[in-house]
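Read off the chains here:
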Amino acid sequence: MSESQRPSDVSGRLNTGVAHNARVWNYWIGGKDNYEIDKQVGDQVVTMFPVIRDVARADRQFLGRTVRFLTADCGVRQFLDIGTGLPTVDNTHEIAQRIAPESRIVYVDNDPIVLVHARSLLTGTHQGATDYIDADIHHPVGVMEGASATLDLDQPVAVMMLGILNFVLDTGEAQDIVRRIMAAVPSGSYLALTHPTTDTDLGGEGNIEAMKFWNENATPPITARSRAEISSFFDGLDLVAPGLVSCAQWRVESNSPFELPQFGAVALKP
């Protein structure tokens, strides 16, 4: 953690009077790093959109399956986890280094409460490396410059963008961010992504009013997108089977019909 990232500096940036996504998400998955305002807003969203707790948990489970697949089956040894959120059980570095202790992981976030907890992320294996950088996804050049201090960008990298592009409200800007980050990693790299949807076949119409309430009562603002818009983030990449599906169904061991309005997919950079 650099001198510019001291906890005393960060604490001055915290606003505990307004619900914040990282803390509400933490509340939904059963964590304790949240405040009363986060619980109040989180409970109201659940009232409006009851499956949101299931979405939060399914997104987390998607992370575990994805990291295990990329490490064990694809031989990936470098991960760039953008928008990591608050640390919880089985973070990216723990899963990857359990399989391959030499794995190198960089977490990226600019959320002040996540920064406060950053030190708990920086405990990987001696054989590998685990780092954290304070950077904003809206500035991909800065993200990649920071990541290059730990990752070898001449070797394949798994770029993790789970539930982060929904905070980039302009779709064109979000597409450009993905293009620029994937352009900075070599052939053989992967993009893993989850994103909430408005598509009715997954029950996404419920996202509309819930997100409107969220944007009026919490921070940062968020958006959902259609299947076609989310598919565009994978332009130029080769989707891994089963393609773009509800994240609850991506490479699950059972054939459960359970679907949630959160898409998930993994793609290879050819």
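So, here's what we can say about the structure. (Residues numbered from 1 in each chain as written. Predicted model: local features only at pLDDT ≥ 70, side-chain atom pairs only at ≥ 80, totals over all residues. Heavy atoms only, no water.)

Residue placement: Phe233 occurs in the loop between helix 11 (227–231) and strand 8 (238–239). Taking the relative accessible area as the measure of exposure, Phe233 reaches 3% and is therefore buried. In this structure, the C-alpha to C-alpha distance between Phe233 and Arg179, residues 54 residues apart in sequence, is 7.8 Å. If we skip the residues at most four places from it in the chain, Phe233 touches Leu165, Thr171, Ala174, Gln175, Val178, Leu191, Leu193, His195 and Arg225. (Helix = DSSP H or I, 4+ residues; strand = E, 2+ residues; numbered from the N terminus. Buried < 20%, exposed > 50% of the residue type's maximum accessible area, 1.4 Å probe, protein only. Contact = heavy atoms within 4.5 Å.)

Moving on: helix 2 (residues 21–28). For helix 2, the tally of buried residues reaches 7 of 8 residues, placing the bulk of the element in the interior. All buried positions along helix 2 are accounted for by Asn21, Ala22, Arg23, Val24, Asn26, Tyr27 and Trp28. Backbone geometry just downstream of helix 2 places Gly30 in the positive-phi region, at approximately 95°.

The biggest cluster of nonpolar side chains holds 83 residues, and the ones touching the most others in it are Leu80 and Leu165. Top contributing element to this core by residue count: helix 4 (residues 52–73), with 9 residues. In this view, Leu165 contacts Ile137, Ala174, Val178, Leu193, His195, Arg225 and Phe233; residues no more than four positions away in its chain are not counted. (Core = buried A, V, L, I, M, F, W, Y, C linked by side-chain atoms within 4.5 Å.)

To continue, consider unusual backbone geometry. With an omega dihedral of -10°, the bond running from Thr219 to Pro220 counts as a cis peptide bond. As for its placement among the helices and strands, Pro220 is situated in the loop between strand 7 (218–219) and helix 11. Cis geometry marks the peptide bond from Ala241 to Pro242, where omega comes out at 15°. Along the chain, Pro242 turns up in the loop between strand 8 and strand 9 (245–246). Positioned with a positive phi, Arg251 is a non-glycine residue whose angle comes to about 50°. Structurally, Arg251 is set in the loop between strand 9 and strand 10 (262–268).

A few words on the packing of helix 8 (residues 140–147) against helix 9 (residues 171–183). Remark: helix 8 packs on helix 9, axes separated minimally by 9 Å, with the N-to-C direction vectors making an angle of 30°. In this view, helix 8 runs roughly parallel relative to helix 9, as classed from their interaxial angle. Crossing of helix 8 over helix 9 shows right-handed handedness. Across the interface between the two elements, Pro140, Val141 and Met144 from helix 8 touch Ile177, Arg180 and Ile181 from helix 9. Looking at the contact of helix 8 with helix 9, its residues break down into 5 nonpolar, no polar and 1 charged. (Axes fitted to C-alpha atoms, helices over the stretch in contact; angles between N-to-C directions. Parallel < 35°, antiparallel > 145°, perpendicular 65-115°, else oblique. Left-handed = near helix turned anticlockwise from the far one by under 90°. Nonpolar A, V, L, I, M, F, W, Y, C, P; charged D, E, K, R; others polar.)

Read these as geometric descriptors, not functional statements.
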